[in-house]
Amino acid sequence: MDTRMETRMKKTSTTVLTAMMMCIIMVAIFVLRIPVPFTQGYVNLSDGIIFIAIGLLDKKHSVAAASLGCMMGDVLGGFAMWAPWTFFIKGIMTLIAVLIIDSFAGRCATQKARTAVRIVAMVCGGLFMVFGYFIAEGIMYGSWAVAALGVPWNIGQFSVGIILALVISSALNKV
């Protein structure tokens, strides 16, 4: 096959996979949306899908899928006021995790070590997300006390996301 044709096919499949991951992330927001008491926010399953996307896509495309998928979920779900915050918070969360994985996973000799690096990367990205939404809520609500009420919920969201990603990734690796 012609090299240009192979390059085009790879670009096309990457674009399709990125768009598919954006849509799955958006759907994950709608499948299980739990309102957070005392705030106008909610928790959902999108972090798990974002963490899976990191394993399937390169840095640029996983960040795009996370940012745009979550932002579209906010807009279409009636939370458009969160869309700009979500775009940046989820994009940076993903970038942090990808950079950690890219920096350390290649040096790991065993699958257990690579999994440990992935877990650390997801925790670091998740902690940034918690911090980002704390700042966003503090600014939007004008109250750091109200913003603090969302912290445990956001920790729970990324923690469930890590478990979901590990379980699904393990099943995908077997296939």
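Criteria and thresholds
Residues numbered from 1 in each chain as written. Predicted model: local features only at pLDDT ≥ 70, side-chain atom pairs only at ≥ 80, totals over all residues. Heavy atoms only, no water. Core = buried A, V, L, I, M, F, W, Y, C linked by side-chain atoms within 4.5 Å. Buried < 20%, exposed > 50% of the residue type's maximum accessible area, 1.4 Å probe, protein only. Helix = DSSP H or I, 4+ residues; strand = E, 2+ residues; numbered from the N terminus. Contact = heavy atoms within 4.5 Å. Expected span 1.5 Å × (residues − 1). Axes fitted to C-alpha atoms, helices over the stretch in contact; angles between N-to-C directions. Parallel < 35°, antiparallel > 145°, perpendicular 65-115°, else oblique. Left-handed = near helix turned anticlockwise from the far one by under 90°. Nonpolar A, V, L, I, M, F, W, Y, C, P; charged D, E, K, R; others polar. Salt bridge = Lys/Arg side-chain N within 4 Å of Asp/Glu carboxyl O. Polar contact = N/O pair within 3.5 Å; in protein donor to acceptor, adjacent residues only side chain to side chain.

(A) Geometry of the nonpolar core. Judged by nonpolar contacts, the single largest core of 36 residues is most densely connected at M21, I50, F51, I54 and M129. For this core, the secondary-structure elements that each account for two or more residues are α1 (3-31), α2 (46-56), α3 (59-76), α4 (83-104), α5 (111-141) and α6 (144-174). Among residues more than four places away in sequence, those in contact with M129 are D47, I89, K90, M93, N154, Q157 and F158.

(B) The arrangement of α4 in detail. Look at α4: 32 Å from first C-alpha to last across 22 residues, which is about the 32 Å you get at 1.5 Å a residue. Of the residues making up α4, those classed as buried are A83, T86, I89, K90, G91, M93, T94, A97, V98, I100 and I101. Where α4 is buried, its residues meet α2, α3, α5 and α6.

(C) View of the packing of α3 against α4. Running from amino to carboxyl end, α3 crosses α4 at an angle of 155°, the nearest separation of the two axes being 8 Å. Classified by the angle their axes make, α3 and α4 are roughly antiparallel. The chirality of how α3 crosses α4 is right-handed. Facing α3, whose interface residues are K59, S62, V63, A66, S67, L68, C70, M71, D74 and V75, α4 presents A83, T86, F87, K90, G91, T94, L95, V98 and L99. By residue class, the composition of the contact of α3 with α4 is 11 nonpolar, five polar and three charged.

(D) A look at the pattern of salt bridges. Taken as a whole and judged by the stated rule, the model has two salt bridges. Taking the shortest distance from any N to any O, the salt bridge between D2 and R4 comes out at 3.7 Å. Judged by relative accessible area, which is 40%, D2 ranks as partly exposed. Taking the shortest distance from any N to any O, the salt bridge between D47 and K90 comes out at 2.4 Å. Note that D47 is positioned in helix α2 and K90 in helix α4, a separation of 43 residues in sequence. A relative accessible area of 0% means that D47 is categorised as buried. A relative accessible area of 2% places K90 in the buried class.

(E) Spatial organisation of the environment of D58. Along the chain, D58 turns up in the loop between α2 and α3. For D58, a relative accessible area of 41% gives the class partly exposed. C-alpha separation for the pair D58 and R114, spaced 56 residues apart in sequence, amounts to 17 Å. A distance of 2.6 Å separates the side chain of D58 from the side chain of H61, its partner in a polar contact.

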